[in-house]
Amino acid sequence: MTALTWTSSDTPDGARVTRLRRELRAVHALVHRDLLRLAGQRTHTAMMLLHPVLYLLILGGGLAALIPRSSLGVGYQAYLFPGMLMMTVQTPAIMVGIRLITDRESGYLRELLMAPVHRSTLLLGSCAGGTLTAAVQGAVLLGLAGVAGLPYDPLLLVLLLAGMVLASFTITALALALAVGLRRAETFHTLLGLVMMPLLFLSGGFFPLSALPAWARTLSDLNPLAYAIDLLRRTIALRVPDQAAVAGIEWAGRQPPLPLEAALLLAAGVVALLWATHRFNRPE
(Lines give C-alpha, C1' and ligand atoms only; values in the text may rest on other atoms or scores of the structure.)
Protein backbone atom coordinates (compact mmCIF):
# COMPACT_ATOMS: atom_id res chain seq x y z
CA MET A 1 0.00 0.00 0.00
CA THR A 2 1.48 3.28 -1.06
CA ALA A 3 1.13 6.34 1.16
CA LEU A 4 0.30 9.62 -0.57
CA THR A 5 2.26 12.71 0.49
CA TRP A 6 0.52 16.06 0.15
CA THR A 7 2.28 19.40 0.20
CA SER A 8 0.61 22.60 1.25
CA SER A 9 0.35 23.75 -2.37
CA ASP A 10 -1.55 20.55 -3.33
CA THR A 11 -4.63 21.69 -1.39
CA PRO A 12 -6.90 24.62 -2.31
CA ASP A 13 -5.99 26.37 0.94
CA GLY A 14 -2.30 25.77 0.33
CA ALA A 15 -2.58 27.14 -3.19
CA ARG A 16 -4.25 30.29 -1.90
CA VAL A 17 -1.51 30.76 0.71
CA THR A 18 1.15 30.32 -1.99
CA ARG A 19 -0.55 32.90 -4.21
CA LEU A 20 -0.88 35.32 -1.31
CA ARG A 21 2.81 34.98 -0.49
CA ARG A 22 3.68 35.61 -4.13
CA GLU A 23 1.55 38.76 -4.19
CA LEU A 24 3.08 40.01 -0.93
CA ARG A 25 6.61 39.38 -2.23
CA ALA A 26 5.79 41.47 -5.29
CA VAL A 27 4.56 44.35 -3.11
CA HIS A 28 7.67 44.05 -0.92
CA ALA A 29 9.95 44.13 -3.98
CA LEU A 30 8.35 47.31 -5.30
CA VAL A 31 8.50 49.03 -1.91
CA HIS A 32 12.14 47.94 -1.53
CA ARG A 33 12.91 49.41 -4.96
CA ASP A 34 11.50 52.79 -3.92
CA LEU A 35 13.46 52.74 -0.66
CA LEU A 36 16.68 51.92 -2.51
CA ARG A 37 16.00 54.79 -4.90
CA LEU A 38 15.44 57.12 -1.93
CA ALA A 39 18.70 56.02 -0.30
CA GLY A 40 20.66 56.23 -3.56
CA GLN A 41 19.46 59.68 -4.63
CA ARG A 42 20.51 61.66 -1.59
CA THR A 43 21.19 64.88 -3.49
CA HIS A 44 17.79 64.76 -5.18
CA THR A 45 16.08 64.01 -1.87
CA ALA A 46 17.89 66.88 -0.15
CA MET A 47 16.81 69.28 -2.89
CA MET A 48 13.18 68.22 -2.52
CA LEU A 49 13.40 68.85 1.22
CA LEU A 50 15.10 72.21 0.70
CA HIS A 51 12.05 73.72 -1.01
CA PRO A 52 9.62 73.56 1.97
CA VAL A 53 12.45 74.43 4.39
CA LEU A 54 13.11 77.68 2.51
CA TYR A 55 9.40 78.46 2.49
CA LEU A 56 9.23 77.93 6.25
CA LEU A 57 12.36 79.92 7.08
CA ILE A 58 12.21 82.73 4.52
CA LEU A 59 8.52 83.15 3.69
CA GLY A 60 7.37 82.21 7.18
CA GLY A 61 10.04 84.27 8.89
CA GLY A 62 9.46 87.31 6.70
CA LEU A 63 5.67 87.35 6.92
CA ALA A 64 5.71 86.60 10.65
CA ALA A 65 6.73 90.21 11.23
CA LEU A 66 3.92 91.51 9.00
CA ILE A 67 1.02 89.26 10.02
CA PRO A 68 -0.02 89.83 13.64
CA ARG A 69 -0.43 86.78 15.83
CA SER A 70 -3.89 87.99 16.85
CA SER A 71 -5.21 87.55 13.29
CA LEU A 72 -4.30 83.84 13.19
CA GLY A 73 -4.22 82.85 16.83
CA VAL A 74 -0.69 81.50 16.23
CA GLY A 75 2.58 82.80 14.82
CA TYR A 76 2.70 82.65 11.03
CA GLN A 77 5.50 80.06 11.01
CA ALA A 78 3.41 77.78 13.21
CA TYR A 79 0.45 78.39 10.90
CA LEU A 80 2.59 77.63 7.83
CA PHE A 81 4.14 74.45 9.26
CA PRO A 82 1.29 72.01 8.31
CA GLY A 83 1.33 73.37 4.78
CA MET A 84 5.08 72.80 4.56
CA LEU A 85 4.62 69.23 5.79
CA MET A 86 2.09 68.75 2.99
CA MET A 87 4.48 70.21 0.40
CA THR A 88 7.16 67.80 1.63
CA VAL A 89 5.06 64.67 1.14
CA GLN A 90 3.40 65.92 -2.05
CA THR A 91 6.48 65.86 -4.30
CA PRO A 92 7.65 62.26 -3.68
CA ALA A 93 4.04 61.05 -3.80
CA ILE A 94 3.53 62.66 -7.21
CA MET A 95 6.80 61.14 -8.45
CA VAL A 96 5.11 57.72 -8.31
CA GLY A 97 2.83 58.77 -11.15
CA ILE A 98 5.79 60.03 -13.18
CA ARG A 99 7.66 56.75 -12.63
CA LEU A 100 4.64 54.77 -13.82
CA ILE A 101 4.72 56.64 -17.12
CA THR A 102 8.51 56.45 -17.55
CA ASP A 103 8.42 52.71 -16.73
CA ARG A 104 5.86 52.30 -19.49
CA GLU A 105 7.97 54.31 -21.95
CA SER A 106 11.18 52.39 -21.15
CA GLY A 107 9.57 48.96 -21.36
CA TYR A 108 10.22 48.19 -17.69
CA LEU A 109 6.48 48.09 -16.99
CA ARG A 110 5.99 45.42 -19.66
CA GLU A 111 8.59 43.27 -17.90
CA LEU A 112 6.80 43.78 -14.58
CA LEU A 113 3.51 42.69 -16.14
CA MET A 114 5.11 39.35 -17.02
CA ALA A 115 5.44 38.52 -13.32
CA PRO A 116 2.95 35.84 -12.10
CA VAL A 117 0.98 38.31 -9.98
CA HIS A 118 -2.14 40.37 -10.48
CA ARG A 119 -1.84 43.76 -12.14
CA SER A 120 -3.57 45.35 -9.16
CA THR A 121 -0.78 44.00 -6.93
CA LEU A 122 1.81 45.91 -8.96
CA LEU A 123 -0.17 49.12 -8.62
CA LEU A 124 -0.66 48.52 -4.89
CA GLY A 125 3.09 48.01 -4.48
CA SER A 126 3.81 51.29 -6.28
CA CYS A 127 1.28 53.09 -4.08
CA ALA A 128 2.75 51.57 -0.90
CA GLY A 129 6.29 52.51 -1.94
CA GLY A 130 5.30 56.07 -2.76
CA THR A 131 3.38 56.43 0.51
CA LEU A 132 6.32 55.18 2.56
CA THR A 133 8.99 57.32 0.88
CA ALA A 134 6.79 60.43 1.11
CA ALA A 135 6.13 59.80 4.80
CA VAL A 136 9.85 59.28 5.46
CA GLN A 137 10.68 62.65 3.93
CA GLY A 138 7.86 64.29 5.88
CA ALA A 139 9.25 62.77 9.07
CA VAL A 140 12.58 64.47 8.39
CA LEU A 141 10.87 67.87 8.24
CA LEU A 142 9.29 67.22 11.63
CA GLY A 143 12.74 67.98 13.01
CA LEU A 144 12.00 71.67 12.27
CA ALA A 145 8.98 71.75 14.55
CA GLY A 146 10.94 73.81 17.07
CA VAL A 147 11.66 76.46 14.41
CA ALA A 148 7.90 76.90 14.02
CA GLY A 149 7.53 77.30 17.78
CA LEU A 150 6.11 73.81 18.37
CA PRO A 151 7.24 71.54 21.20
CA TYR A 152 8.96 68.22 20.55
CA ASP A 153 6.11 66.34 22.16
CA PRO A 154 6.46 62.61 21.25
CA LEU A 155 2.69 62.09 21.02
CA LEU A 156 2.30 65.20 18.85
CA LEU A 157 5.05 64.03 16.50
CA VAL A 158 3.48 60.56 16.24
CA LEU A 159 0.05 62.04 15.47
CA LEU A 160 1.52 64.36 12.84
CA LEU A 161 3.40 61.44 11.28
CA ALA A 162 0.19 59.40 11.16
CA GLY A 163 -1.57 62.30 9.44
CA MET A 164 1.25 62.57 6.90
CA VAL A 165 1.07 58.84 6.15
CA LEU A 166 -2.65 59.21 5.46
CA ALA A 167 -2.08 62.29 3.28
CA SER A 168 0.80 60.56 1.46
CA PHE A 169 -1.42 57.62 0.60
CA THR A 170 -4.18 59.84 -0.74
CA ILE A 171 -1.85 62.00 -2.86
CA THR A 172 -0.03 58.92 -4.20
CA ALA A 173 -3.34 57.29 -5.16
CA LEU A 174 -4.49 60.49 -6.88
CA ALA A 175 -1.20 60.71 -8.79
CA LEU A 176 -1.58 57.10 -9.96
CA ALA A 177 -5.19 57.76 -10.99
CA LEU A 178 -3.98 60.67 -13.15
CA ALA A 179 -1.00 58.81 -14.61
CA VAL A 180 -2.41 55.35 -15.26
CA GLY A 181 -4.03 56.26 -18.57
CA LEU A 182 -1.25 58.54 -19.86
CA ARG A 183 1.57 57.62 -22.23
CA ARG A 184 3.79 60.70 -22.04
CA ALA A 185 5.37 62.32 -18.98
CA GLU A 186 4.90 65.76 -20.53
CA THR A 187 1.13 65.32 -20.46
CA PHE A 188 1.29 64.34 -16.81
CA HIS A 189 3.35 67.43 -15.94
CA THR A 190 0.76 69.60 -17.70
CA LEU A 191 -2.03 67.97 -15.70
CA LEU A 192 -0.09 68.55 -12.50
CA GLY A 193 0.05 72.25 -13.22
CA LEU A 194 -3.68 72.32 -13.86
CA VAL A 195 -4.70 70.18 -10.89
CA MET A 196 -2.16 69.98 -8.07
CA MET A 197 -1.15 73.64 -7.76
CA PRO A 198 -4.74 74.90 -7.46
CA LEU A 199 -5.40 72.18 -4.90
CA LEU A 200 -2.40 73.37 -2.87
CA PHE A 201 -3.40 77.04 -2.93
CA LEU A 202 -7.02 76.15 -2.04
CA SER A 203 -5.90 73.99 0.88
CA GLY A 204 -5.42 76.68 3.53
CA GLY A 205 -1.72 75.94 3.77
CA PHE A 206 -0.63 79.52 3.09
CA PHE A 207 -3.60 81.62 4.23
CA PRO A 208 -6.90 80.99 6.05
CA LEU A 209 -9.74 79.58 3.99
CA SER A 210 -12.01 82.22 5.54
CA ALA A 211 -10.15 84.85 3.47
CA LEU A 212 -11.28 83.21 0.22
CA PRO A 213 -14.43 84.19 -1.69
CA ALA A 214 -17.47 81.97 -1.29
CA TRP A 215 -16.94 80.08 -4.57
CA ALA A 216 -13.34 79.27 -3.62
CA ARG A 217 -14.39 78.03 -0.17
CA THR A 218 -16.84 75.70 -1.91
CA LEU A 219 -13.99 74.27 -3.97
CA SER A 220 -11.93 73.90 -0.78
CA ASP A 221 -14.66 71.74 0.71
CA LEU A 222 -13.98 69.28 -2.13
CA ASN A 223 -10.19 69.51 -1.85
CA PRO A 224 -8.48 66.47 -0.23
CA LEU A 225 -5.39 68.58 0.58
CA ALA A 226 -7.55 71.02 2.57
CA TYR A 227 -8.74 68.15 4.76
CA ALA A 228 -5.18 66.89 5.20
CA ILE A 229 -3.83 70.28 6.27
CA ASP A 230 -6.82 70.95 8.50
CA LEU A 231 -6.25 67.55 10.13
CA LEU A 232 -2.60 68.38 10.85
CA ARG A 233 -3.38 71.89 12.10
CA ARG A 234 -6.14 70.75 14.45
CA THR A 235 -3.92 67.92 15.71
CA ILE A 236 -1.34 70.54 16.72
CA ALA A 237 -4.04 72.54 18.52
CA LEU A 238 -5.04 69.45 20.52
CA ARG A 239 -1.53 69.05 21.96
CA VAL A 240 -0.53 72.74 22.16
CA PRO A 241 -3.33 74.54 24.03
CA ASP A 242 -1.88 78.04 23.55
CA GLN A 243 -2.02 77.67 19.77
CA ALA A 244 -5.62 77.94 18.66
CA ALA A 245 -6.52 76.24 15.38
CA VAL A 246 -7.55 78.68 12.68
CA ALA A 247 -10.90 77.71 11.23
CA GLY A 248 -10.29 75.59 8.14
CA ILE A 249 -12.88 73.26 6.65
CA GLU A 250 -16.36 74.23 7.82
CA TRP A 251 -19.74 72.73 7.02
CA ALA A 252 -22.62 75.14 7.66
CA GLY A 253 -20.34 77.15 9.94
CA ARG A 254 -19.14 74.15 11.98
CA GLN A 255 -15.93 72.16 11.74
CA PRO A 256 -16.39 68.44 11.04
CA PRO A 257 -15.03 66.00 13.65
CA LEU A 258 -11.38 65.03 13.24
CA PRO A 259 -12.15 61.29 12.78
CA LEU A 260 -14.59 62.18 10.00
CA GLU A 261 -11.96 64.32 8.25
CA ALA A 262 -9.49 61.42 8.45
CA ALA A 263 -12.12 59.00 7.14
CA LEU A 264 -12.96 61.25 4.20
CA LEU A 265 -9.27 61.64 3.36
CA LEU A 266 -8.82 57.86 3.47
CA ALA A 267 -11.94 57.34 1.36
CA ALA A 268 -10.65 59.74 -1.30
CA GLY A 269 -7.41 57.75 -1.53
CA VAL A 270 -9.19 54.40 -1.67
CA VAL A 271 -11.57 55.57 -4.41
CA ALA A 272 -8.67 56.99 -6.44
CA LEU A 273 -6.68 53.76 -6.05
CA LEU A 274 -9.68 51.61 -7.06
CA TRP A 275 -10.20 53.78 -10.14
CA ALA A 276 -6.50 53.53 -11.02
CA THR A 277 -6.64 49.73 -10.54
CA HIS A 278 -9.68 49.49 -12.80
CA ARG A 279 -7.86 51.39 -15.56
CA PHE A 280 -4.58 49.52 -14.99
CA ASN A 281 -6.26 46.11 -15.34
CA ARG A 282 -7.07 46.84 -18.97
CA PRO A 283 -4.70 45.07 -21.40
CA GLU A 284 -1.77 47.21 -22.60
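In this text the structure is predicted, and so the values were computed from the model without any measurement.

(A) Looking closely at the packing of helix α4 (residues 76-106) against helix α7 (residues 154-179). Running from N to C, α4 and α7 point in directions that differ by 30 degrees, and their axes come no closer than 8 Å. On the basis of their axis angle, the class for α4 and α7 is roughly parallel. As for the relative orientation of α4 and α7, their crossing is right-handed in sense. Here α4 contributes L85, M86, V89, Q90, A93, I94, V96, G97, L100, I101 and R104 to the contact with α7, which in turn contributes M164, A167, S168, I171, T172, A175, L176 and A179.

(B) Just the pattern of salt bridges, in detail. For the structure on display, the rule yields seven salt bridges. In this structure, E186 engages R184 in a salt bridge whose closest nitrogen and oxygen atoms are separated by 3.6 Å. Taken together, the salt bridges that share partners define one network made up of D34, R37 and R99.

(C) Highlighting the layout of surface pockets. Empty space within the largest pocket amounts to approximately 320 Å³. Taken together, the elements giving at least two residues each to the lining of the largest pocket come down to α2 (42-64), α4 and α8 (185-201). Partitioning the lining of the largest pocket into residue classes produces 13 nonpolar, four polar and no charged.

(D) View of the nonpolar core. In terms of nonpolar packing, the biggest core is built from 66 residues, with F81, M86, L100, I171, L176 and F188 touching the most fellow members. With 16 residues, the single largest contributor to this core is α4. Within the second largest apolar cluster, seven residues are counted, among which are L212, A216, A226 and I249.

(E) Local environment of the packing of aromatic side chains. Tallying each qualifying case throughout the model produces one aromatic pair. Across from the ring centre of F280, 5.8 Å away, lies the NZ or CZ of R119, which sits over that ring. Its end group placed over the ring of Y79, R233 keeps NZ or CZ at 3.8 Å from the ring centre.

(F) Region of interest: the packing of α4 against α8. Viewed as axis vectors pointing N to C, α4 and α8 meet at an angle of 160 degrees, and their least axial separation amounts to 11 Å. Viewed along their axes, α4 and α8 adopt a mutual orientation that is roughly antiparallel. α4 and α8 meet at a crossing whose hand is right-handed. Residue-level inspection shows M87, Q90, I94, G97, I98, I101 and E105 of α4 in contact with α8, the latter providing A185, F188, H189, L192, M196 and L200. Partitioning the contact of α4 with α8 into residue classes produces nine nonpolar, three polar and one charged.

(G) Inspection of a nonpolar patch on the surface at higher detail. On the surface, L50, L54, L57, I58 and V147 cluster together to form a nonpolar patch covering roughly 430 Å² of accessible area. Along the chain, V147 turns up in the loop between α6 (119-141) and α7.

(H) Looking closely at the environment of G60. Among the structural elements, G60 can be located in helix α2. Between the C-alpha atom of G60 and that of Q77, which follows or precedes it by 17 residues, the distance is 4.8 Å. Residues in contact with G60, not counting those within four places in the same chain, are Y55, Y76, Q77 and L80.

(I) Just empty space enclosed by the protein, in detail. What the rule picks out here adds up to three cavities of 30 Å³ or more. For the largest cavity, the calculated volume is near 110 Å³. As for the largest cavity, its lining consists of R33, D34, V96, R99, L100, D103, L109, L112, L122, L123, S126 and F280. Looking at which element gives the most residues to the lining of the largest cavity, the answer is α4, with four residues. Among the residues forming the lining of the largest cavity, the class breakdown is seven nonpolar, one polar and four charged.

About the thresholds
- Residues numbered from 1 in each chain as written.
- Predicted model: local features only at pLDDT ≥ 70, side-chain atom pairs only at ≥ 80, totals over all residues.
- Heavy atoms only, no water.
- Axes fitted to C-alpha atoms, helices over the stretch in contact; angles between N-to-C directions.
- Helix = DSSP H or I, 4+ residues; strand = E, 2+ residues; numbered from the N terminus.
- Parallel < 35°, antiparallel > 145°, perpendicular 65-115°, else oblique.
- Left-handed = near helix turned anticlockwise from the far one by under 90°.
- Contact = heavy atoms within 4.5 Å.
- Salt bridge = Lys/Arg side-chain N within 4 Å of Asp/Glu carboxyl O.
- 1 Å grid on protein atoms, 1.4 Å probe; cavity = no way out; pocket = protein on both sides within 12 Å on 5 of 7 lines; lining within 4 Å.
- Points joined across faces, edges and corners; volume = space filled by probe spheres on them.
- Nonpolar A, V, L, I, M, F, W, Y, C, P; charged D, E, K, R; others polar.
- Core = buried A, V, L, I, M, F, W, Y, C linked by side-chain atoms within 4.5 Å.
- Buried < 20%, exposed > 50% of the residue type's maximum accessible area, 1.4 Å probe, protein only.
- Phe/Tyr/Trp six-rings, centres within 6.5 Å; stacked < 30°, edge-to-face > 60°.
- Lys NZ or Arg CZ within 6 Å of the ring centre and 35° of its normal.
- Patch = residues over 30% accessible without salt bridge, like charges linked within 9 Å, V, L, I, M, F, W, Y side chains within 5 Å.
- Areas by Shrake-Rupley, 256 points an atom, 1.4 Å probe, with all protein chains shown as cover.

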